[in-house]
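# Report on the structure
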Amino acid sequence: MDGTEAGRRLADGFSSDRSRSAPFGAGARFQPRERSPRNLAPVERPAVAAMRHVMNAQDVYQRKNGRYGSFSELTRSQSWLLDVPVQERAFMRKGYRFELSVETDGYKVLATPVTPGPRPFVGDDSGFIRAGIE
């Protein structure tokens, strides 16, 4: 048996009806990863929404300018709609401090709670928001 035939037999084994009934492994369908954390506390929802807004504004800014921008650059663009005063790399909103670090090929946004209790969040140019700070 050559390598091609062995590959076909292996593929047929994974695509058979027997493997589709399996709850895991190659027969199970992969679910897409959530872009935002699940099970958010009510106090955490505005922080994740603000992060999503910043990340969307960064995507628009990057497409128009070929690079990612600071908060002040984003506020001057047409894509920034948050109603908060911003500094070059930080702003406060709904009990969170948002900080931005911009690299030549990406960015990272940190949302740190001002008071103990809520979780911190981190988002970046991958489009995903994760609980905790890496």
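Residues numbered from 1 in each chain as written. Predicted model: local features only at pLDDT ≥ 70, side-chain atom pairs only at ≥ 80, totals over all residues. Heavy atoms only, no water.

## So, the pattern of salt bridges
Rules: When a carboxyl oxygen of Asp or Glu lies within 4 Å of a side-chain nitrogen of Lys or Arg, that pair is called a salt bridge. Only protein chains enter the calculation, and the probe is 1.4 Å; a residue is then buried if its accessible area is under 20% of its type maximum, exposed if over 50%, and partly exposed in between.
Throughout the structure, instances matching the rule amount to four salt bridges. With its nearest N and O atoms 3.0 Å apart, the salt bridge here joins Arg67 to Glu73. Across the salt bridge formed by Arg97 and Glu99, the nearest N and O atoms sit 3.6 Å from each other. We classify Glu99 as partly exposed; its relative accessible area is 31%.

## A look at the environment of Phe91
Condition: Going along the chain from the N terminus, every DSSP run of H or I of four or more residues is numbered as a helix, and every run of E of two or more is numbered as a strand. By definition, residues are in contact when any of their heavy atoms lie within 4.5 Å.
Within the secondary structure, Phe91 is located in strand β1 (residues 90-93). The buried category is assigned to Phe91, whose relative accessible area is 3%. A C-alpha to C-alpha distance of 8.4 Å links Phe91 and Phe71, two positions 20 residues apart in sequence. Sequence-distant contacts of Phe91, that is, excluding residues within four places in its chain, are made with Val54, Phe71, Trp80, Leu82, Val84, Pro85, Val86, Tyr96, Arg97 and Phe98.

## Comments concerning the sheet that holds β1
Put simply, the rule reads: We treat two strands as partners when DSSP finds at least two bridges between them. Geometry is summarised by axes, namely lines fitted to C-alpha atoms with helices restricted to the contacting stretch, and by angles between N-to-C directions that run from 0 to 180 degrees.
Across the sheet, five strands lie side by side as β1-β2-β3-β4-β5; this open sheet has antiparallel pairing. Every interior strand has two partners, whereas the edge strands, β1 and β5 (129-131), have only one. Along the sheet, successive strands turn relative to each other by an average axial angle of 20°, direction set aside. Looking at chain direction, β1 and strand β2 (residues 96-102) are connected through four bridges and run antiparallel. Looking at β2, one finds that Arg93 is bridged to Tyr96.

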